[in-house]
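Residue strings, one per chain:
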Amino acid sequence: MIKKTLILVLILGSLYPLNAQEYDKVKGIWNATFLDFPLSDKLSFRTELHLRTISYFNTWNQQLFRPQLSYKASKNVSWRGGYTYIKNFDQDVTADPRVRREHNIWEQVQVSIPLKKSSFSTWIRLEHRFQEERPLQKNKSLRSFDFSSRLRFRLTYQKTLSKADAKVLWNLVAYDEIFTIMNPQGIPFKFNQNWTFLGFRFKFSEQLSMVSGFQKNTILKATDQYLKNRLWNTILFYKF
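A short tour of the structure in this document, coming up. Since we're looking at a predicted model, the values are computed, not measured. (Residues numbered from 1 in each chain as written. Predicted model: local features only at pLDDT ≥ 70, side-chain atom pairs only at ≥ 80, totals over all residues. Heavy atoms only, no water.)

Looking along the chain, the bond that leaves Asp 96 and enters Pro 97 is cis, with omega of 0°. Here Pro 97 shows up in the loop between strand 4 (77-89) and strand 5 (99-115). Along the chain, Arg 134 connects to Pro 135 via a cis peptide bond; the corresponding omega equals -5°. Structurally, Pro 135 is set in the loop between strand 6 (118-132) and strand 7 (145-160). Phi is positive for Ser 55, which is not a glycine, with a value near 55°. (Helix = DSSP H or I, 4+ residues; strand = E, 2+ residues; numbered from the N terminus.)

Next up, the structure:
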């Protein structure tokens, strides 16, 4: 039942919005490194660095720095909270200024359900976003930030594909993530974007692992106008 539900969600996510006018199409590469530092049996510190491009490696899309704390409440439940600094680059490389900055404070809860030779997990993240107001200002003293909140919901399925005694363990990974904008009363009211991912997770050792695969993002730009970003996403995980 869980497998069928996940497949349905992934199909709907990849097709939505099927009949909408497309605003633009881009292809990109996303690379990231996640470093984990244990502080106790239940508490750990993680720092993430994301480098994202479009036109393959030719044009910057985003740069993210995301430090965070994680608390493992039980075997299958964990809480995270942290800060994200984001530099969003205009696709027009001649734009001046070209970078729109964002400061982002967030909280997240994740629940995992182990299955036979597979696992199912879901997390919900609430983001509090301070974004530079447009038009962007070259003079720092003239810059101002507006505030908004966004809710993110991700559904993930992993299936073990390797033998238990293999030198490199690997899993099939599929997820769908929906972003919704919240109104001032804290109620989700507007679709923002959708991410659909299909790839593999490789575990090289207890310290080192990697997730790599294809991802399609559908991002609302205006009424019935969407940006479709097709990209290759790779994340390297290292535990100290």
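Right, picking up where we left off after that structure.
Our next topic: the side chain of Gln 193. Mapping Gln 193 onto the fold places it in strand 9 (residues 188-203). Taking relative accessible area as the criterion, Gln 193 reaches 10% and is therefore assigned buried. Not counting chain neighbours up to four residues away, the residues in contact with Gln 193 comprise Arg 150, Glu 177, Ile 178, Phe 179, Thr 218 and Ile 219. (Buried < 20%, exposed > 50% of the residue type's maximum accessible area, 1.4 Å probe, protein only. Contact = heavy atoms within 4.5 Å.)

Per the counting criterion, the structure on display carries 11 salt bridges. The salt bridge partner of Glu 48 is Arg 66, with a shortest N-O separation of 2.9 Å. With a gap of 18 residues between them, Glu 48 in strand 2 (residues 43-54) and Arg 66 in strand 3 (residues 59-72) connect regions that are remote in the sequence. Across the pair, exposure class does not vary: Glu 48 and Arg 66 are buried alike. The partner of Lys 138 in a salt bridge is Asp 96, and the shortest N-O contact between them spans 3.0 Å. Of this pair, Lys 138 sits in the loop between strand 6 and strand 7 while Asp 96 sits in the loop between strand 4 and strand 5, and the two are 42 residues apart along the sequence. Asp 96 matches Lys 138 in its accessibility class, with the two residues each being exposed. (Salt bridge = Lys/Arg side-chain N within 4 Å of Asp/Glu carboxyl O.)

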